[in-house]
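Chains, contacts and geometry: an overview
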Amino acid sequence: MKSIKFSYILFSCLVSLIVILSNEIKAATPKPAGKQFVLVLDAGHGGKDSGAVGRITTEKTINLDVSLLVGRKLEKAFGDKLKVVYTRDKDKYLSLMERAKIANKSHGNFFVSIHVNSLDKRNRNRATIKGASVYTLGLHKSADNLDVAQRENAVMTLDDNFEETYEGFDPHSAESYIIFEFSQNLHMAQSVRLADEIQNRLITEAGRADRGVRQAGFWVLWATGMPSVLVELDFICNPDQEKFLDSSEGKEKMANAIAGALSKYIASTIGVAAPAIEKNTRTENRVEEALKTQAVEVAEDEVLESTETAQPEVKVQPSEKVYKIQFLTSSKKLRDSAPELKGLKNVDFYMDHNVYKYTYGSYSKKDEAQAELNNVRKTFKEAFVIALRDGKRVDL
Ligand SMILES: [Zn+2]
């Protein structure tokens, strides 16, 4: 009897211990990325790998300068609501594998890789080609896109034992690229949404020619388990574009465009109003000097900042439902000014089986969406209210 009682007491102690321990573990587990968005910024190439080489500069330098500017602008705008993880913040070599590991270990919410484009030395259009393009992961639809992915993936051949590390992936063989055909669906809607926003801003704000949002098999995008885009800022082989890419003014403009797009995306994900991105008007300085000055100025601006860009309370957690009004479906992605949208603003889309479903507004309560529905129905009779969670349709 005594021993039964003792066992009972021991058993209850054990149960309480397990309960206490499991609560401890819960408390120690990092919270879901509700309040803090983790952005991974990847400056392509570095160290012994210069990337594309121009007459006055190299790709690795431009990538690093622009990435640092983008990161610092966003850190300043979002404060502790954002954690920026840089795969590299100085001129050093990193393999594609190491980049992917850094991104995955940090449990990033988004991976943005920054690069500069170039054409082969024998290409006749080398001196005249220009324009920005933002890539999402997918199977290339044209030889151009495959060329860009092959050139960027080729850096893996700099690693010892690259055949083993990359499990037989041969960056030069078109057949290797088949693996990317079905691999992008999980994060495609979010990736395309940000790609589109960055592309638009690189055109309208940084004055780049428009080579469109594209798809191709970039190994590093495939290896990072999160929404991701790869930005090709412009062509370093074109001397005029190279001058822009190398200039402090150019870097500042491109960084503002990318940071502006990211600001909008991050703010809508964590449920705050998009903070303004501070523009640096001192264009005569080198970017490095501008960055140093900005760091010193933070203290002076702090008082002003706390009132001007104070963050509103977090309203919608990323895993919470948002209500939108769906009004149109399309097999292709539409420009903001597309006639199909009939001038409707505040428009977004989500992907459903490779179809673009266009929505209006974003509300935390169903009633709010319902209240706006009649207005949208004046233009789109068939419009209806839907609920989305993390960009996917869920029950109302
Ligand atoms: Zn590159």
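Values in this document were obtained by computation on a predicted structure and should not be read as measured data. (Residues numbered from 1 in each chain as written. Predicted model: local features only at pLDDT ≥ 70, side-chain atom pairs only at ≥ 80, totals over all residues. Heavy atoms only, no water.)

The secondary structure content of the chain amounts to 11 helices and 11 strands. In the chain, which comprises 396 residues, the share counted as buried stands at 49%. Taking the intrachain contacts of the chain between residues at least 6 apart in sequence as the baseline, contacts between residues at least 24 apart amount to 77%. Of the roughly 20,700 Å² that the chain leaves accessible, carbon and sulfur atoms contribute 54%. (Helix = DSSP H or I, 4+ residues; strand = E, 2+ residues; numbered from the N terminus. Buried < 20%, exposed > 50% of the residue type's maximum accessible area, 1.4 Å probe, protein only. Contact = heavy atoms within 4.5 Å. Areas by Shrake-Rupley, 256 points an atom, 1.4 Å probe, with all protein chains shown as cover.)

Once that is clear, we can look at the pattern of salt bridges. In this structure the tally under the stated criterion is 15 salt bridges. Residue Asp42 pairs with Arg99 through a salt bridge whose shortest N-O separation is 2.8 Å. Of this pair, Asp42 sits in strand E1 (residues 37-43) while Arg99 is found in helix H3 (residues 96-105), placing the two residues 57 residues apart along the sequence. Each of the two residues, Asp42 as well as Arg99, counts as buried. For Asp348, the salt bridge goes to Arg193, with nearest N and O atoms at 3.8 Å. Remark: Arg193 occurs in helix H6 (residues 188-204) and Asp348 occurs in strand E8 (residues 347-352); sequence separation between them is 155 residues. Residue classification places Arg193 among the partly exposed positions, given a relative accessible area of 23%. (Salt bridge = Lys/Arg side-chain N within 4 Å of Asp/Glu carboxyl O.)

Now for the pairing of strand E2 (residues 82-86). Counting buried positions along E2 gives four out of five residues, so the element sits mostly inside the fold. Bridge analysis of E1 against E2 gives five bridges, and the strand direction is parallel. Directly across from Val40, in E2, lies its bridge partner Val85. Handedness of the E1-helix H2 (residues 59-78)-E2 crossover: right-handed. (Pairing = 2+ DSSP bridges. Right-handed = clockwise from strand over helix to strand, strands pointing away.)

Quick look at the packing of H2 against helix H9 (residues 248-270) now. Packing of H2 against H9 brings their axes to within 9 Å, and their N-to-C directions diverge by 45°. The pairing of H2 with H9 is recorded here as oblique in orientation. Crossing geometry of H2 relative to H9 is assigned as right-handed. Listed contacts from H9 to Ile62, Asp65, Val66, Leu69, Val70, Lys73, Leu74 and Phe78 of H2 are Lys251, Glu252, Met254, Ala255, Asn256, Ile258, Ala259, Leu262, Ser263, Ile266, Ala267 and Ile270. (Axes fitted to C-alpha atoms, helices over the stretch in contact; angles between N-to-C directions. Parallel < 35°, antiparallel > 145°, perpendicular 65-115°, else oblique. Left-handed = near helix turned anticlockwise from the far one by under 90°.)

Turning to the sheet that holds strand E6 (residues 228-235), a few remarks are in order. Taken in spatial order, the six strands of this open sheet run E2-E1-E3-E6-E4-E5, and their pairing is mixed. Strands at the two margins of the open sheet, each flanked by one partner only, are E2 and strand E5 (210-216). Neighbour-to-neighbour, the strand axes of the sheet open up by a mean angle of 20°, direction not taken into account. Pairing analysis gives six bridges linking strand E3 (residues 110-117) to E6, with the strands arranged parallel. Each bridged residue has a counterpart across the sheet, and for Val112 the counterpart in E6 is Val229. Here H6 sits on the sheet in contact with E3, strand E4 (132-137), E5 and E6, set at roughly 175° to E4. Across the face of the sheet, helix H8 (residues 239-246) comes into contact with E3 and E6 while running at roughly 120° to E6.

As for its position among the elements, Asn63 is in helix H2. Classification of Asn63 as buried rests on a relative accessible area of 0%. From its side chain, Asn63 meets the backbone oxygen of Gly44 in a polar contact 3.1 Å long. Every residue in contact with Asn63, bar those within four places of it in the chain, is listed here: Ala43, Gly44, His45, Arg88, Ile114, His115 and Val116. (Polar contact = N/O pair within 3.5 Å; in protein donor to acceptor, adjacent residues only side chain to side chain.)

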